[in-house]
Amino acid sequence: MRFLIVAGEESGEIYGARLMREIKTQKPGAEFCGIGGDRMAAEGLKVIRHCREMESIGVVSLLKNFSLFITALNEIRKLVREKRCDAVVLIDYPDFNLRVARAAYESGVPVFYYVCPQFWAWRQYRIRSVRKWVDTMLVALPFEEDFYKERGANARFIGHPMLDEMEIPQDREKLKNDFLTTGQKTLIGLLPGSRAGEVNAILERLVKTADIINREKPDAGFVIPAAPHIETQQIAEVIRGRSYMKVIKGGSHRLMTACDLLITKSGTSTLEGAIAGTPMVIVYNASFFSYWLAKPLVNVKYAGLPNIIAGREIAREFFQYDFTPLRVAKAALEILDSPTAMERARAAMNEVRAKLGEKGAAKRAAEIILNRSARFIHEQNRQGKTKNAGG
């Protein structure tokens, strides 16, 4: 069985690699091509485009890279229309992947959306396209199945695949000491994002926030995990020799688990922090143009995934003009200086973790994809035989 998989961003590529592994376990000999990264290539993906060149942030970046976007899209459409795959698996990346879904639907190839975009949060009109072009949405958040079913889409809640990517060690204090230096007692993680654009937009304010916290808590140490494709030099230039701050390459899950507090940009990292059970403050800053375009299309009260899943603000959020070092530092210190607030925040994050289901999301997704694809192929063959017999 041949699969076309499209994971246009690093976070999706992590999920894609494990899904490929599960499909191969259940269907030895399965073949894969599409868009992904090094992890997926190691699992046997024939890489048409590397996700590193496909990553973008916001509408502005999409406009700047429109030529690349169209070229890559046409390459993938060609594969689908030539029937060089038996099924299409899409992972997040909606602006690109919905166009792939349409091409697959029009070519009679079943489409599965794994780790679906947050259509419930903004641009809900796209659900009409999902309902028409996508065979099955394999959703990772507990409320998504009912949301999509109520709107006529076929959705199955499989649990969140991030649960399989994170191991929570028992001895947090020992792990914390691995990151702290002499004289430091409090560990704070600063997570500016995994894309260069996010780092540029957020890091400087995070560093200034750390300066304020450090003046109040001189025993605090700050660690910034740099994504694999982010140069540590880019971050070091902003830090400019602050002795209480350091950069590590990778290892963000270990860091999140060890930290007393995270100050993190909105996105996947907030959910990872919740799985780790770590209190957090959530920040974000988009370009004025991207923010102005997106704001009227947003349909949720909160932006951070832990808050959305909990249905209340369990982590303070600071976006755009509210995102100032002084405000963020004050919110962080309110948690760090209060054992009661710290315990309450940890308990709330653990509640979110419990709502995400059990481990094994990729295994369940692989079973659904293989079963429905096999039925689809069987039905096409049956219709072909009937047509030939009638002719």
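Summary of the structure given here.

Reading guide: rules and limits
Residues numbered from 1 in each chain as written. Predicted model: local features only at pLDDT ≥ 70, side-chain atom pairs only at ≥ 80, totals over all residues. Heavy atoms only, no water. Pairing = 2+ DSSP bridges. Helix = DSSP H or I, 4+ residues; strand = E, 2+ residues; numbered from the N terminus. Axes fitted to C-alpha atoms, helices over the stretch in contact; angles between N-to-C directions. Contact = heavy atoms within 4.5 Å. Salt bridge = Lys/Arg side-chain N within 4 Å of Asp/Glu carboxyl O. Buried < 20%, exposed > 50% of the residue type's maximum accessible area, 1.4 Å probe, protein only. Parallel < 35°, antiparallel > 145°, perpendicular 65-115°, else oblique. Left-handed = near helix turned anticlockwise from the far one by under 90°.

1. Some remarks on the sheet that holds strand 13 (residues 317-319)
In space, the 6 strands of this open sheet follow the order 10-9-8-11-12-13, with parallel pairing throughout. Each edge of the sheet is formed by a strand with only one pairing partner; in this case those strands are strand 10 (245-249) and strand 13. Adjacent strand axes in the sheet meet at a mean angle of 20°, parallel and antiparallel pairs treated alike. Bridge analysis of strand 12 (residues 280-284) against strand 13 gives 3 bridges, and the strand direction is parallel. Following the sheet pairing, Tyr 284 is matched in strand 13 by Phe 319. Along the sheet, helix 14 (residues 268-276) contacts strand 8 (186-191), strand 11 (261-265) and strand 12; its crossing angle with strand 11, the most-contacted strand, is approximately 160°. Helix-sheet contacts for helix 17 (residues 325-336) involve strand 8, strand 11, strand 12 and strand 13, and the interaxial angle to strand 12 is about 165°.

2. Focus: the pattern of salt bridges
Per the stated rule, a full pass over the model turns up 26 salt bridges. Among the salt bridges present, the one from Arg 102 reaches Glu 106, with a minimum N-O distance of 2.9 Å. Residue Arg 102 and its partner Glu 106 are both found in helix 6 (residues 94-106); the two are separated by 4 residues, about one turn of the helix. Residues Asp 135 and Arg 372 are paired through a salt bridge, measuring 2.5 Å at the closest nitrogen-oxygen approach. Here Asp 135, found in the loop between helix 7 (127-133) and strand 6 (136-139), pairs with Arg 372, found in helix 19 (residues 361-390); they are 237 residues apart in sequence, far enough to count as distant. Residue classification places Arg 372 among the partly exposed residues on the basis of a relative accessible area of 29%.

3. Details of the sheet that holds strand 4 (residues 87-91)
The strand order across the open sheet formed by 7 strands is 3-2-1-4-5-6-7, and the pairing between neighbours is parallel. Edge positions in the sheet fall to strand 3 (45-50) and strand 7 (155-157), since each of these pairs with one other strand and no more. Mean inter-strand twist for the sheet, computed between neighbouring axes without regard to direction, equals 20°. In terms of strand pairing, strand 6 meets strand 7 through 3 bridges, oriented parallel. The residue of strand 7 that forms the bridge with Leu 138 is Arg 156.

4. Points about the packing of helix 11 (residues 196-216) against helix 12 (residues 232-239)
With their axes 10 Å apart at the nearest point, helix 11 and helix 12 run at an angle of 25° to one another. Viewed along their axes, helix 11 and helix 12 adopt a mutual orientation that is roughly parallel. When you trace helix 11 past helix 12, the crossing you get is right-handed. In contact with Ala 196, Val 199, Asn 200, Leu 203, Glu 204 and Val 207 of helix 11, helix 12 contributes Gln 234, Ile 235 and Val 238.

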